[in-house]
Amino acid sequence: MKRIVKITFIFSALALFLASCVKDLDTTPINPKQTTNVDVYTSVTNYKEVLAKCYAGLAVSGQQGPAGNPDISGIDEGFGEYLRAYWYHQELPTDEAVIGWNDQTIKDFHNQTWGSSDVFIAAMYYRIFYQISLCNEFIRESTDAKLDERGFSGQDRTDIQLFRAEARFLRALSYYHALDLFGNVPFVTENDKVEKFFPNQISRADLFKYIESELLAIEPLVAAARTNEYGRADAGAVDFLLAKLYLNAEVYTGTARYTDCITYCNKVIADGYALDSKYENLFLADNSFNNEVIFPITFDGTKTKTYGGTTFIIHAAIGGSMVPLDYGVAGGWGGTRTTSAFVSLFPSQKSYSPKPKSTKSYPVLYVPGSYQGWDPTNTSTVIASVKSDGNYEGYLYFPDANTSFKICQNPNWDVNWGDNGADGTLDPGGDNIQAADAGYYKLNVNLNNLTYTLVKTTWGIIGDATANGWDSDQDMTFDASTGLWKATLDLKVGSIKFRANHAWDINYGDTGLDGILDAGGDNIPITVAGNYNITLKLGVPDYTYTIVQNSYDHRAMFYTDGQSLQIKDIGTFTDGYAITKWKNVTSSGAQGSDQTYCDTDFPLFRLADAYLMYAEAVLRGGSGGDLGTALNYVNAIRTRAYAGDTKGNISQSELKLSYILDERGRELYWEATRRTDLIRFGEFTGGSYLWPWKGGVANGISTKSQYNLFPIPSADITANPNLHQNLGY
């Protein structure tokens, strides 16, 4: 079972009712069984199951699955799920994501034109405080006095005290989200009575101090890093959240705490986490127990069904010509893409060969011979008629000299041709055809006049993108095990073609750039200089090729087939590159357990982020770290990004704050960090950094600084006289 924290919900009156919450969005936790605290908190098992509900509040939105019995009434269970709502707030207002739907005010996020009555903002706000209420209730019911009253001792008492520390962490996490998104918010802890009242508003600076004090207090109380059950918080998660809090302290309080950030980054890094060798593994259906992940929000397609979480992230990113099953789901929702500004963070494309359309089923002839055991049923040794006009061609590899073969109409010997007299004319039942030398041959057969040609070929690449230009070929090498011609070349900006035997008699280009080679076709463009691995696949038509940059940033996971780079209309899915980072497919290529609800966990905290926080804090003047170590951490991330190649590494002179912001984008995109990062760098609002459709204008415009915070929902302001709205709303 993937999900270690057992989610069998047992409810007490769970109950802190925030009186400031309005009638049309009642956040009183739904309590279908009407159980009481006395009924629930009777065993350590029951305590753990209530704690599981606190964890589950980050992943699911109700009691029974994707919809139908919600935690919070008045909110759509899909967009009201915690992670989905948080993702909206952190990604949609930035350069990393747009969404094409017309759901209510959803496009106001990217336009940065939202207001205090926005239903999506209200969904996030009330989800945060529902989560806090769950944790408060658990903490309230696990005091020493309560445990004494209920007779808990020994290991049971120790376990419940550990659970209590974890609930305090989860509450601190939600208060951190409130601090970051809303600033000055209502404040309630376990010390407030369970009754209807108007919570007081805490200042952003004081809430920072509270979160800090809670995390410092529970750090020695939670499990040591990497020792707790998967999906549960430990000291690594606590230290990471402290580092994140200190990194943003100047935004939250006006006072920099970069030295403290370095201190807690060092603690996290010393805990034994390690970068996964493959970046893509972090976002697949079997990413459970990945040693880079410090704290995940866990999902299971059969046990934690939701229209939020990674189910939303994966489905919403699929549309256009994308094939949903390639991403482990049965269908796409055609919503989210990225902007050209984000794409530009990656220095080059990784490939110039479009993914070919599926090869058509052409009529074929069979070519049995001594090179393949005289087997006419072997479908790998055939030639095809692309135009179905009686003209057949293909390429065959003969490993030995004096290879003999014949032509068969079907995968049997009933109708076959040879060549009596070796004159290039086919004779029914004729003599074996001979290839004198070993090698790679092009065979053409015309059944209309019963003729054939057999030409031995070697292959090369020619063009002004190569070192020799159009004057001579760069030779390719044949790999008999794969049937591919291969070359590794440095290419310049320009174009290339493939040709045989250092002559133009047989040559291929790609007319229409559809990934399928055409005889005498158009030149293949190369628009970025670099070192490339090039393959040529001939054999039976269609003929295809790949031109893949040998050293490139593998984090650039864009789907471009049929997608335009520029966004003319946010509502059109094919405007803007699609993102393929998240999948409901395992690292071995297997589908997730369900093709609607996804297994992929969300790595909320991971080691690469700690490395980047450390580097940024050093560059911002924090003490206790050094530039050399910061550079090593950044280059470790980049070496992984370049599949183990150090060609993407940077020098110390290149390690600047602006570089860190860009690198955070490349490493952490669509992981719900971008808005916070842009604000910290002063690039979120205003006009110093513009991206497409910022401010609702195609080229982007300056926006007001009020949007650095989201408003407290107007209904809560109306209901609670203790609350004051954020500036500008």
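These figures come from a predicted structure and were not determined experimentally.

To continue, consider the overall build of the chain. Helix and strand content of the chain: 18 helices and 28 strands. The C-alpha extent of the chain, read off along each of the three principal axes, is 105 × 55 × 45 Å. The buried share of the chain, reckoned over its 729 residues, is 59%. Long-range pairs, those at least 24 residues apart, make up 68% of the contacts in the chain with a sequence separation of at least 6. Summed over all atoms, the accessible surface of the chain reaches about 26800 Å², with 49% contributed by carbon and sulfur. Where the 60 positive side-chain charges of the chain centre and where its 83 negative ones centre are 5 Å apart.

Right, let's get into the confidence of the model for the chain. In this model, the chain carries a mean pLDDT of 92, and residues with pLDDT of at least 70 account for 93%. Note on residues 1–34: pLDDT under 50 across the span, and 107 contacts to partners over four residues away in sequence or across chains.

A separate point is empty space enclosed by the protein. Per the stated rule, a full pass over the model turns up 8 cavities of 30 Å³ or more. There is about 150 Å³ of room inside the largest cavity. For the largest cavity, the lining is made up of 18 residues, of which Tyr86, Tyr176, Lys244, Ala672 and Thr673 are closest to its centre. At the level of elements, helix H3 (82–91), helix H7 (154–182), helix H9 (235–247), strand E28 (602–606) and helix H17 (674–680) are the ones that each hand at least two residues to the lining of the largest cavity. Tallied by class, residues from the lining of the largest cavity come to 8 nonpolar, 4 polar and 6 charged.

Let us now look at the side chain of Asp419. Topologically, Asp419 is positioned in the loop between strand E11 (416–418) and strand E12 (427–428). Buried charge without a partner: Asp419 forms no salt bridge, and the closest opposite charge is Lys406, 11 Å away. Only 3.2 Å separates the side chain of Asp419 from the backbone nitrogen of Asp423, close enough to count as a polar contact. At a separation of 2.6 Å, a polar atom in the side chain of Asp419 contacts the side chain of Tyr452. Ignoring sequence-local partners within four residues, the contact set of Asp419 consists of Gly424, Thr425, Asp427, Gly430, Asp431, Asn432, Ile433 and Tyr452.

Of the consecutive residues Pro541 and Asp542, the connecting peptide bond is found in the cis state with omega at 10°. Checked against the element boundaries, Asp542 lands in the loop between strand E24 (530–537) and strand E25 (544–549). With a phi angle near 55°, Asn402 is a residue other than glycine that sits in the positive phi range. Inspection of the secondary structure puts Asn402 in the loop between strand E8 (391–398) and strand E9 (403–405). Overall, the relative accessible area of 54% leaves Asn402 in the exposed class. Of note in this structure, Ala422 is not a glycine but carries a positive phi near 50°. Within the secondary structure, Ala422 sits in the loop between E11 and E12.

Where two aromatic rings form a pair, the distance of their centres and the angle of their planes describe that pair. Within the structure shown, the criterion is met by 60 aromatic pairs. Positioned above the aromatic ring of Tyr669 is the side chain of Lys581, whose terminal nitrogen or guanidinium carbon lies 4.1 Å from the ring centre.

Quick look at the layout of surface pockets now. The computed volume of the second largest pocket comes to approximately 490 Å³. What lines the second largest pocket is a set of 25 residues, and nearest its centre among them are Val386, Lys387, Glu393, Pro541 and Tyr543. Split by residue class, the lining of the second largest pocket holds 12 nonpolar, 6 polar and 7 charged.

Further remarks concern the environment of Tyr397. By secondary structure assignment, the location of Tyr397 is in strand E8. Residue Tyr397 is classed as partly exposed on the basis of its relative accessible area of 34%. Distance in space between the C-alpha atoms of Tyr397 and Gly439 is 5.8 Å, their sequence separation being 42 residues. Tyr397 has contacts with Tyr371, Gly439, Tyr440, Phe478 and Ala480, leaving out every residue within four places of it along the chain.

Looking now at the pattern of salt bridges. Considering all chains together, one arrives at 38 salt bridges under this definition. Residue Lys581 is joined to Glu671 by a salt bridge in which the shortest nitrogen-to-oxygen separation is 2.8 Å. With Lys581 in the loop between strand E27 (578–579) and E28 and Glu671 in the loop between helix H16 (657–668) and H17, this pair connects stretches of sequence that are 90 residues apart. Since its relative accessible area comes to 3%, Glu671 is described here as buried. Salt-bridge contacts for Glu663 lead to Arg666; the nearest nitrogen and oxygen are separated by 2.9 Å. With Glu663 and Arg666 both in helix H16 and 3 residues apart, this pair spans about one turn of that helix. In this structure Glu663 comes out as buried when scored by relative accessible area, which is 0%.

As a further point, take the pairing of strand E4 (residues 293–297). The element E4 is largely enclosed, with a buried count of 5 among its 5 residues. Of the strand pairs in this sheet, E4 and E28 are connected by 4 bridges, and their pairing is antiparallel. Among the inter-strand pairings, Phe295 is bridged to a residue of E28, identified as Phe605.

Read from one edge to the other, the open sheet built from 4 strands follows the order E18-E19-E24-E25, with strand pairing classed as antiparallel. The sheet is open, and its two edges are formed by strand E18 (477–479) and E25, each paired on a single side. For this sheet, the mean inter-axis angle between neighbouring strands, taken without regard to orientation, is 25°.

With that settled, the discussion passes to the pairing of strand E16 (residues 459–462). Strand residues, when the strand is regular, have side chains that alternate between the two faces of the sheet. Alternating positions in E16 separate into two faces, Trp459 and Ile461 on one and Gly460 and Ile462 on the other, with burial throughout. Pairing of E16 with strand E20 (residues 494–500) involves 4 bridges; the strand directions are antiparallel. Counted as the bridge partner of Ile461 is Phe498 from E20.

With that settled, consider the side chain of Lys53. Mapped onto the elements, Lys53 comes out in helix H2 (residues 44–56). Judged by its relative accessible area of 1%, Lys53 falls in the buried class. At 2.6 Å, the side chain of Lys53 and the side chain of Asp71 are in polar contact.

Orientation of helix H8 (residues 204–218) relative to H9, taken along the N-to-C sense of each, is 155°, at an axis distance of 10 Å. In terms of axis orientation, H8 runs roughly antiparallel to H9. Two packed elements cross with a definite hand, and for H8 against H9 that hand is left-handed. Between H8 and H9, the contacting residues are Phe208, Ile211, Glu212, Leu215, Leu216 and Ile218 on the first element and Val238, Leu241, Leu242, Leu245 and Tyr246 on the second.

Within H3, 10 of the 10 residues are buried, which leaves it mostly tucked inside the rest of the structure. Listing the buried residues of H3 in full gives Tyr82, Leu83, Arg84, Ala85, Tyr86, Trp87, Tyr88, His89, Gln90 and Glu91. The backbone nitrogen of Leu83 has a side-chain oxygen 3.2 Å away, supplied by the residue at the start of H3, namely Glu81.

Let's shift gears to the packing of H7 against H9. Axes are the key here: two packed helices are described by the angle between their axes and the distance separating the axes. Direction vectors running N to C along H7 and H9 enclose 20°, while the axes themselves pass 11 Å from each other. In terms of orientation, H7 lies roughly parallel with respect to H9. When the axes of H7 and H9 are compared, the crossing they make is left-handed. Contact residues: H7 offers Phe169, Ala172, Leu173, Tyr176 and Leu179, while H9 offers Ala237, Val238, Leu241, Lys244 and Leu245. Of the residues that constitute the contact of H7 with H9, the class distribution is 9 nonpolar, no polar and 1 charged.

Rules used throughout
- Residues numbered from 1 in each chain as written.
- Predicted model: local features only at pLDDT ≥ 70, side-chain atom pairs only at ≥ 80, totals over all residues.
- Heavy atoms only, no water.
- Helix = DSSP H or I, 4+ residues; strand = E, 2+ residues; numbered from the N terminus.
- Buried < 20%, exposed > 50% of the residue type's maximum accessible area, 1.4 Å probe, protein only.
- Contact = heavy atoms within 4.5 Å.
- Areas by Shrake-Rupley, 256 points an atom, 1.4 Å probe, with all protein chains shown as cover.
- Lys, Arg positive; Asp, Glu negative; His and termini not counted.
- Charge placed at Lys NZ, Arg CZ, Asp CG, Glu CD.
- pLDDT = per-residue confidence, 0-100.
- 1 Å grid on protein atoms, 1.4 Å probe; cavity = no way out; pocket = protein on both sides within 12 Å on 5 of 7 lines; lining within 4 Å.
- Points joined across faces, edges and corners; volume = space filled by probe spheres on them.
- Nonpolar A, V, L, I, M, F, W, Y, C, P; charged D, E, K, R; others polar.
- Salt bridge = Lys/Arg side-chain N within 4 Å of Asp/Glu carboxyl O.
- Polar contact = N/O pair within 3.5 Å; in protein donor to acceptor, adjacent residues only side chain to side chain.
- Phe/Tyr/Trp six-rings, centres within 6.5 Å; stacked < 30°, edge-to-face > 60°.
- Lys NZ or Arg CZ within 6 Å of the ring centre and 35° of its normal.
- Pairing = 2+ DSSP bridges.
- Axes fitted to C-alpha atoms, helices over the stretch in contact; angles between N-to-C directions.
- Parallel < 35°, antiparallel > 145°, perpendicular 65-115°, else oblique.
- Left-handed = near helix turned anticlockwise from the far one by under 90°.

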